[in-house]
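Examining the three-dimensional arrangement
One letter stands for each residue in the lines below.
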Amino acid sequence: MTMNRIVGHHTGGPGTPTADDLNAYHRIVDAAGGLHDGRFPISANAPGRSLAPGTYAPHTRGLNTGAIGLAMAAMGGASWNDPVGSTRFYPTELQVTAFIREAARLCRVYGITPTRKTVLTHAEVQLTLGVTQANKWDFDYPVFGPTNSRDPLVIGNIMRALIRDELDAQEASGRPVTREPIRLVLRRGMFDPAVRALQARLQALGFDPRGVDGHFGPGTFAALVAFQCASELLPDGIAGPATLTALNL
């Protein structure tokens, strides 16, 4: 199963998962550091699955296909102006540690390399990927380590550094994991028989690439972006593993 992104969240609730939390996220960490499975397995958000309401975890607006929702049950009743002092449900040290550990484990299982585009917080999504969100602030406060900044990108970089360290520690332990095979990535400017197959599939699905000739030009790019938007994939016009899987290629 191809998954290409992890998005980190706070739930906006108490320190234990609510029914709404379980519906929205794949994995939730409680205040004591315990892990909870959401109602929908990660496979429900896998490329190629229909995102019909009530059948998948809708954790990130417009970016749910191929994306894992990992959340801390925290921040209920919090005020943006005083994130630490305004709530008794601020993330605990145990919670943050378990969150980082689980994020690293998921990176290993799904072969995800932590970068700003692949492992990010909800507050970074619009800034980094350009997918509009609804004023999300998880996380633009210093939950992962000391900083005077409330810049989500600064905080996300701290989070990713912790995940990389934990990932190195887990890999050094020698525990085997199953990884996805490396697949061809198709992008604008390429000429390849695989591009012809991509164009034919897009055309069959009603996304006109303006020709089935093996040349990845503007028409193919526009058709692919339209398909990605309709499928809640990152609309970057690049046919990577998640997009190819969603296309059944």
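This is a predicted model, so every value here is computed, not measured.

**What about the overall build of the chain?**
For the chain, the count of helices and strands is seven helices and five strands. Expected size for 249 residues packed as a compact globule is a radius of gyration near 18 Å; at 19 Å, the chain falls within 12% of this value. By principal-axis analysis of the C-alpha atoms, the chain measures approximately 60 × 40 × 35 Å. Element-wise, carbon and sulfur atoms account for 54% of the exposed surface of the chain, whose accessible area totals about 11400 Å². Averaging the coordinates of the 23 positive side-chain charges in the chain and doing the same for the 21 negative ones gives two points 5 Å apart.

**Some points on the pattern of salt bridges**
Counted under the stated rule, the structure contains six salt bridges. With a closest N to O distance of 2.8 Å, Glu-124 and Arg-160 form a salt bridge. With Glu-124 in helix H3 (residues 122–129) and Arg-160 in helix H4 (residues 152–172), this residue pair connects regions lying 36 residues apart in the sequence. Assigned by exposure class, Glu-124 and Arg-160 land together as buried. A salt bridge links Arg-210 to Asp-208; the shortest N-O distance between them is 2.6 Å. The exposure class assigned to Arg-210 is exposed, which follows from its relative accessible area of 67%. Note on Asp-208: relative accessible area 39%, which makes it partly exposed. Residues participating in the shared-partner salt-bridge network are Arg-27, Asp-37, Glu-102 and Arg-105.

**Topic: the nonpolar core**
Ile-6, Met-72, Phe-99, Phe-139, Val-143, Phe-144 and Ile-163 are the most contacted members of the largest nonpolar core, which totals 31 residues. For this core, the secondary structure elements donating two or more residues are strand E4 (67–72), helix H2 (93–110) and H4. In terms of residue count, H2 provides more of this core than any other element does, nine residues in total. Ignoring anything within four residues of it in the chain, the contact list for Phe-99 reads Gly-8, His-9, Val-29, Leu-70, Ala-71, Met-72, Phe-139, Phe-144 and Met-159. Judged by nonpolar contacts, the second largest core, of 14 residues, contains Leu-186, Leu-202, Ala-242 and Leu-244.

**Let's talk about the packing of aromatic side chains**
On inspection of all chains with the given rule, the structure shows seven aromatic pairs. Both rings, one in Phe-139 and one in Phe-144, keep their centres 5.3 Å apart while their planes meet at 80 degrees; by these two values the pair is edge-to-face. Here the aromatic rings of Phe-207 and Phe-227 are separated by 5.7 Å at their centres, their planes lie at 85 degrees, and the arrangement is edge-to-face. Residue Phe-207 is located in the loop between helix H5 (193–204) and helix H6 (218–230), and its partner Phe-227 is located in helix H6; the two are separated by 20 residues in the primary sequence. Clustering of aromatic rings is evident, with ring pairs tying together Tyr-90, Phe-99, Trp-137, Phe-139, Tyr-141 and Phe-144. One residue, Arg-150, lies across the ring of Trp-80, its end atom 4.0 Å from the ring centre.

So, how was this worked out
- Residues numbered from 1 in each chain as written.
- Predicted model: local features only at pLDDT ≥ 70, side-chain atom pairs only at ≥ 80, totals over all residues.
- Heavy atoms only, no water.
- Helix = DSSP H or I, 4+ residues; strand = E, 2+ residues; numbered from the N terminus.
- Rg over C-alpha atoms; globule rule 2.2 N^0.38 Å.
- Areas by Shrake-Rupley, 256 points an atom, 1.4 Å probe, with all protein chains shown as cover.
- Lys, Arg positive; Asp, Glu negative; His and termini not counted.
- Charge placed at Lys NZ, Arg CZ, Asp CG, Glu CD.
- Salt bridge = Lys/Arg side-chain N within 4 Å of Asp/Glu carboxyl O.
- Buried < 20%, exposed > 50% of the residue type's maximum accessible area, 1.4 Å probe, protein only.
- Core = buried A, V, L, I, M, F, W, Y, C linked by side-chain atoms within 4.5 Å.
- Contact = heavy atoms within 4.5 Å.
- Phe/Tyr/Trp six-rings, centres within 6.5 Å; stacked < 30°, edge-to-face > 60°.
- Lys NZ or Arg CZ within 6 Å of the ring centre and 35° of its normal.

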